[in-house]
Amino acid sequence: MVPWVLVGAVVGYGLVRVFVGHPTPPAGLGRLGRGEAAFVAAAADALYPPGGAVPPSGCEAGIPGYVDRYLDRVPPQTRGLMRALFFLMQHATLFFPAPGPTGFRRFSSLDHDQRVAVLSGWATSRFFPRRFAFTSLRAVLTMGYFADPEVLRRLGLAPYAFETPVCEADLLYPPIGSPPEAIAHRPEDVSRPSAPPPPLDLDGPLHPDYREPAGARP
Amino acid sequence: MSAAGSGEVRVFAQYDRDFTEQADVVVVGSGPCGSVVAKELACAGRDVVLLEEGPPFTPADFVLDGATSMARTMREGGLRATRGTVMPTMQAIALGGGSLVNSAICARAPDFVLDDWCERFSLEATTRRDLDPHYDAVEKFLGIAPTPDAVQGQRNLLFRDGCDALGWSSEPIARNVRGCRGSGECFTGCRARAKQSMDVSYVPAAIRAGARVLTSLQVQRVLSDGRRVTGVEGQVVAPFRGSPSHRFRVDARCVVLAAGCMATPVILQKSDDLANGSGQVGENLQFHPGVSIMGVFPDPVSPQFGATQGYQSLQFIRDGFKLETLWAPPGVLATRLPGFGHALKHTLAEIPRAAVWDAIASTHRSLGRVRARRGSMDPALTWHLHPEDVPILRHALAVIAEIFFAAGAEKIVPGVHGLPEVMHDRDEARVLGSGSYGGKALTFASTHAFCTTRMHGDPRQGVVDELGRSHDVENLYITDTGTYPRCTSVNPMFTGMALAHRTALHLAERL
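**Student:** Help me out: how do you make sense of the interface of chain B and chain A in this one?
**Tutor:** Accessible area lost during the coming together of the parts is what is often quoted as the interface size. Across the contact, 67 residues belong to chain B and 69 residues belong to chain A. Around 5500 Å² of area is buried between chain B and chain A when both sides are counted, 68% of it from carbon and sulfur atoms. Sorting the residues of chain B by area buried against chain A places Arg181(B), Phe340(B) and Lys345(B) first, and these three jointly supply 15% of that buried surface. Linking chain B to chain A there are three salt bridges. Between Asp170(A) and Arg193(B) there is a salt bridge whose closest N-O contact spans 2.5 Å. At the boundary of chain B with chain A, the tally comes to 22 residue pairs in polar contact (both at pLDDT 80 or more). For the side of chain B that touches chain A, the secondary structure elements donating two or more residues are α2 (66-73), α6 (202-208), α8 (330-334) and α9 (341-348) of chain B.

**Student:** Please clarify how the layout of surface pockets should be interpreted in this entry.
**Tutor:** Space left empty within the atom packing is revealed by a probe, the size of a water molecule, rolled over the atoms. Roughly 650 Å³ of internal volume is contained in the second largest pocket. Taken together, 23 residues make up the lining of the second largest pocket; nearest its centre are Cys167(A), Pro193(A), Arg178(B), Arg193(B) and Gln196(B). Looking at the lining of the second largest pocket, the elements with two or more residues in it are α4 (128-142) and α6 of chain B. Its residues assigned to classes, the lining of the second largest pocket shows 12 nonpolar, five polar and six charged.

**Student:** Would you mind showing me how to read the packing of aromatic side chains here?
**Tutor:** Throughout the structure, instances matching the rule amount to 22 aromatic pairs over all chains. Ring centres of Tyr145(A) and Phe146(A) lie 6.2 Å apart, and the angle between their planes is 80°; this geometry places the pair in the edge-to-face category. Relative to Phe240(B), the ring of Phe57(B) has its centre 6.1 Å away and its plane inclined at 65°; by these criteria the two rings are edge-to-face. One end of the pair, Phe57(B), is in the loop between β3 (48-51) and α2; the other, Phe240(B), is in the loop between β10 (228-237) and β11 (244-257), with 183 residues separating them in the sequence. The class of Phe240(B) is partly exposed, set by a relative accessible area of 37%. Grouping aromatic residues by their ring pairs yields a cluster made of Phe159(B), Phe297(B), Trp357(B) and Phe404(B). Positioned above the aromatic ring of Phe19(B), the side-chain terminus of Arg10(B) is 6.0 Å from the ring centre. Above the plane of the ring of Tyr437(B) lies Arg394(B), whose end atom (NZ or CZ) is 5.5 Å from the centre.

**Student:** Looking at this model, I keep getting lost on the nonpolar core. Mind explaining?
**Tutor:** Nonpolar side chains tend to gather and get buried jointly when the protein is soluble and globular. Ranked by size, the top nonpolar core spans 140 residues in total, and within it Leu51(B), Val232(B), Trp357(B) and Leu432(B) carry the most contacts. Per element, the largest residue contribution to this core is 12 residues, and it comes from helix α10 (residues 390-406) of chain B. In contact with Val232(B), not counting residues within four places along its chain, are Val26(B), Val28(B), Leu51(B), Val219(B), Arg221(B), Val222(B), Leu223(B), Phe248(B), Arg249(B), Val250(B) and Val255(B). Counting 62 residues, the second largest nonpolar core, distinct from the first, contains Phe39(A), Val40(A), Ala61(A) and Val140(A).

**Student:** What am I meant to see in helix α3 (residues 111-120) of chain B here?
**Tutor:** Quick reminder: α-helices carry 3.6 residues per turn. Residues three or four places apart thus point the same way. Residue and element names in this part refer to chain B. Those residues of α3 not exposed but buried are Val113, Leu114, Asp116, Trp117 and Cys118. Residues of α3 that are buried in the fold lie against α4 and α13 (493-510). Residue Ser122 follows α3 closely and has a positive phi angle near 55°.

**Student:** How should the sheet that holds strand β6 (residues 171-172) of chain B be read in this particular structure?
**Tutor:** Hydrogen bonds along the backbone pair up the strands of a sheet, which may run parallel or antiparallel. Residues and elements named next belong to chain B. One open sheet holds the six strands; their spatial order is β6-β14-β15-β16-β13-β19, and the pairing between them is antiparallel. The two strands at the open ends of the sheet, each matched to only one other strand, are β6 and β19 (411-413). Relative to strand β16 (residues 354-361), strand β13 (residues 290-296) is paired through seven bridges, and the arrangement is antiparallel. Among the inter-strand pairings, Met294 is bridged to a residue of β16, identified as Val356.

**Student:** How do you make sense of empty space enclosed by the protein when you look at a structure like this?
**Tutor:** Within the structure shown, the criterion is met by six cavities of 30 Å³ or more. A volume near 290 Å³ is recorded for the largest cavity. Counting residues per element, the ones that place at least two in the lining of the largest cavity are α6 (128-146) of chain A together with α2 and α8 of chain B. For the lining of the largest cavity, the leading source of residues is α8(B), giving three residues.

**Student:** Before we go on, may I ask you to explain a nonpolar patch on the surface in this structure?
**Tutor:** All names here are of chain A. A contiguous nonpolar patch, built from Trp4, Val7 and Val11 and spanning about 350 Å² of accessible area, is present on the exposed surface. With respect to the element layout, Val11 can be found in helix α1 (residues 2-19). The exposure class of Val11 is partly exposed, given its relative accessible area of 45%.

**Student:** Any chance you could explain the pattern of salt bridges here in plain terms?
**Tutor:** Side chains that differ in charge, positive against negative, can pair when their charged atoms come close. Residues and elements named next belong to chain B. Enumeration over the complete set of coordinates arrives at 44 salt bridges over all chains. Close ionic contact of Lys39 with Glu40 constitutes a salt bridge, the shortest N to O distance being 3.2 Å. In terms of burial, Lys39 and Glu40 fall into one category: buried. Salt-bridge contacts for Asp389 lead to Arg365; the nearest nitrogen and oxygen are separated by 2.9 Å. Pair noted here: Asp389 is in the loop between β18 (379-383) and α10 and Arg365 is in the loop between β16 and β17 (368-372), with a separation of 24 residues, a long-range link.

**Student:** Is there a simple way to explain the environment of Leu507(B) in this structure?
**Tutor:** Residue and element names in this part refer to chain B. With respect to the helices and strands, Leu507 occurs in helix α13. Taking relative accessible area as the criterion, Leu507 reaches 0% and is therefore assigned buried. Note: C-alpha distance between Leu507 and Val48 (459 residues apart in sequence) is 12 Å.

**Student:** Any chance you could explain the state of the cysteines here in plain terms?
**Tutor:** A covalent bond between the sulfur atoms of two cysteines is referred to as a disulfide. Residues and elements named next belong to chain B. In this structure the tally under the stated criterion is zero disulfides over all chains. Here Cys106 stays free of any disulfide, with the sulfur of Cys186 as its closest cysteine sulfur at 11 Å. Judged by relative accessible area, which is 6%, Cys106 ranks as buried. Not part of a disulfide, Cys451 finds its nearest cysteine sulfur in Cys487, a span of 6.6 Å. When its relative accessible area of 0% is taken as the criterion, Cys451 is described as buried.

**Student:** Looking at this structure, how should I read the pairing of β3(B)?
**Tutor:** Across a regular strand the side chains alternate sides, sitting on one face of the sheet and then on the other. Residues and elements named next belong to chain B. Taking every second residue as pointing to the same face, both faces of β3 are buried, with Val48 and Leu50 on one and Val49 and Leu51 on the other. The pairing of strand β2 (residues 19-28) with β3 spans four bridges and is parallel. For Val28, the partnering residue across the bridge sits in β3 and is Leu51. In this fold, the crossover linking β2 to β3 by way of helix α1 (residues 32-43) has right-handed handedness. With three bridges joining them, β3 and strand β8 (residues 212-214) adopt parallel strand pairing. When the sheet's bridge partners are listed, Leu51 is paired in β8 with Leu214.

**Student:** Please clarify how the confidence of the model for chain A should be interpreted in this entry.
**Tutor:** A low pLDDT score tells you not to read the predicted coordinates there in detail. Here chain A averages 89 in pLDDT, and 91% of its residues register 70 or above. The least confident element of chain A, judged by mean pLDDT, is α1(A) at 71; the most confident is helix α7 (residues 149-155) of chain A at 96.

**Student:** Help me out: how do you make sense of the side chain of Glu350(B) in this one?
**Tutor:** Structurally, Glu350(B) can be placed in the loop between α9 and β16. Taking relative accessible area as the criterion, Glu350(B) reaches 6% and is therefore assigned buried.

Quick notes on the rules
Residues numbered from 1 in each chain as written. Chains lettered and ligands numbered in written order. Predicted model: local features only at pLDDT ≥ 70, side-chain atom pairs only at ≥ 80, totals over all residues. Heavy atoms only, no water. Contact = heavy atoms within 4.5 Å. Buried area = accessible area lost by both parts, 1.4 Å probe. Salt bridge = Lys/Arg side-chain N within 4 Å of Asp/Glu carboxyl O. Polar contact = N/O pair within 3.5 Å; in protein donor to acceptor, adjacent residues only side chain to side chain. Helix = DSSP H or I, 4+ residues; strand = E, 2+ residues; numbered from the N terminus. 1 Å grid on protein atoms, 1.4 Å probe; cavity = no way out; pocket = protein on both sides within 12 Å on 5 of 7 lines; lining within 4 Å. Points joined across faces, edges and corners; volume = space filled by probe spheres on them. Nonpolar A, V, L, I, M, F, W, Y, C, P; charged D, E, K, R; others polar. Phe/Tyr/Trp six-rings, centres within 6.5 Å; stacked < 30°, edge-to-face > 60°. Buried < 20%, exposed > 50% of the residue type's maximum accessible area, 1.4 Å probe, protein only. Lys NZ or Arg CZ within 6 Å of the ring centre and 35° of its normal. Core = buried A, V, L, I, M, F, W, Y, C linked by side-chain atoms within 4.5 Å. Pairing = 2+ DSSP bridges. Patch = residues over 30% accessible without salt bridge, like charges linked within 9 Å, V, L, I, M, F, W, Y side chains within 5 Å. Areas by Shrake-Rupley, 256 points an atom, 1.4 Å probe, with all protein chains shown as cover. Disulfide = S-S within 2.5 Å. Right-handed = clockwise from strand over helix to strand, strands pointing away. pLDDT = per-residue confidence, 0-100.

Right, here's the structure in full:
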């Protein structure tokens, strides 16, 4: 009897440590669960802390929202692998604790220095799969960081605006998901340039999606 | 021969029931090879149906964010990887195939590669002399030309300067482009409509000539009646999500598989292991693993301007690698930068002064296989980097480092685990070539895949002959990079199109 009670207590404690007590995730997340959102936010700010050479932090750059949308776009099998990766890295510290007396907690409950120490361990591990897991996580979060127009503007790498000429193909294909009636162009719209177009103007305006919002901070 | 019909393109929104089509020829896959076959046969008056699993993309459908773009234009969300040696690889799913999202490099296979193919694989008519007329035809149609200086941008010209300083050859890359503005957006779809990807070149020409282009159709089986193929069947799939709806069948006198090196073997395996008397379907998988280095210069480089890949060097092609310049969406490039936290941010802030140069390696000893998965048309890929091929990659990294420092870089970020994250001079970088690090220390990827339905003069050792004709089954042809008996050592698209052109002329005569 006593051993079963002990086993039950340990299992119950483990379940509480894994599944209970996550902070409420930001509104608007559809795919990420509470624990996943907490992990992604913690990892995003550990990888991209506030300030420094590119000021926005991972969370300020909207990485959790980006990952949430990205999960929605990838095939189910890939989505499962990404979720497994988040779960693994979130809870690995319950078995291999972070430095310090409070290190025996899931990743998102650690303080910043502990998170950095844990990620550093993954990044420099001699065990290739562990290193690969870190590289995969960093790849997903980095792509999310660079999806933020503010980050690209700060780096001077935001795409430019330029006119897209109309070609014969634009008379054939509707936008994805639409029927042929949605084709907007007619034969007379087809561009017939008399000279090669000029190279991109680096002093020209940015693509509308990447322009500074009106009233943004300087 | 049937009269060619009236050309059309059909999209997902138009399918509302199961259907059957008839044609002289059904071509599976609208990438560079399939599009050439469809256009040439339609122009020869044959009734052609061209099938594509992906949708046509309009400029309004392009997304500039790299990862989102990959998730929309690539199979498996752009996150496909091999097992064995884990290596990211990709295959496009869009009208035009990979040409929609590649950097438009058009390189003829070197003479020594074609000679090697002929010698080792009992081929008699695949020499330079045999293929040049086909290369010429494709080159003329697409307006392939060397990248002009006006759109090279600093990061490409610095590569040239570095090679010049070392006395190594280099040249502007020939591309299928008309009116490039140097936006560096090849990988997310050309907003300038300059790249002559198949969806804006060969496919419209095929439609003009009467071909029917049916998109959002996933071919699952080749139908056969004894030793003759009779058509293909499959299902309508929704763009991006791939959710199935109606069934379709195309009855045809001839089937041309051009679904790509990683998909064609799966279709054959799912067709009761069709055309596999040799046992070579899905075997011999080869890649061009690519390694790259970011170099930081003292002055701004403005790397976002310039042809995506504008310069190359064939100086070391016989040593097993080709050198190129490279640009990609910044988020994709940044995934390979080392470290995290403020150190990583500091490195990111240096990208405006940086260039990225890469090498693609001919790793003939590194082989793998493609296998069908149960319940999916996605392939299971296994591939192993052979230890004897690792020195090629080490050599390539050492050479790229040399070029960077010769071009005036103040430091490089090589991305090799266990070595310094940043190197400041040639002496420090020497370890890249002389070190004993293994494949797992390297970060590499490949978008060039080959050999899974290889051509061979001996039917016991290959799947198709030099014309792409199946050794086992009548009226079945394969024309994609799977038919290459070995990798090309250079970017494979142009050679695939030349071989497809040859196959098309043969079929036009025969049908």
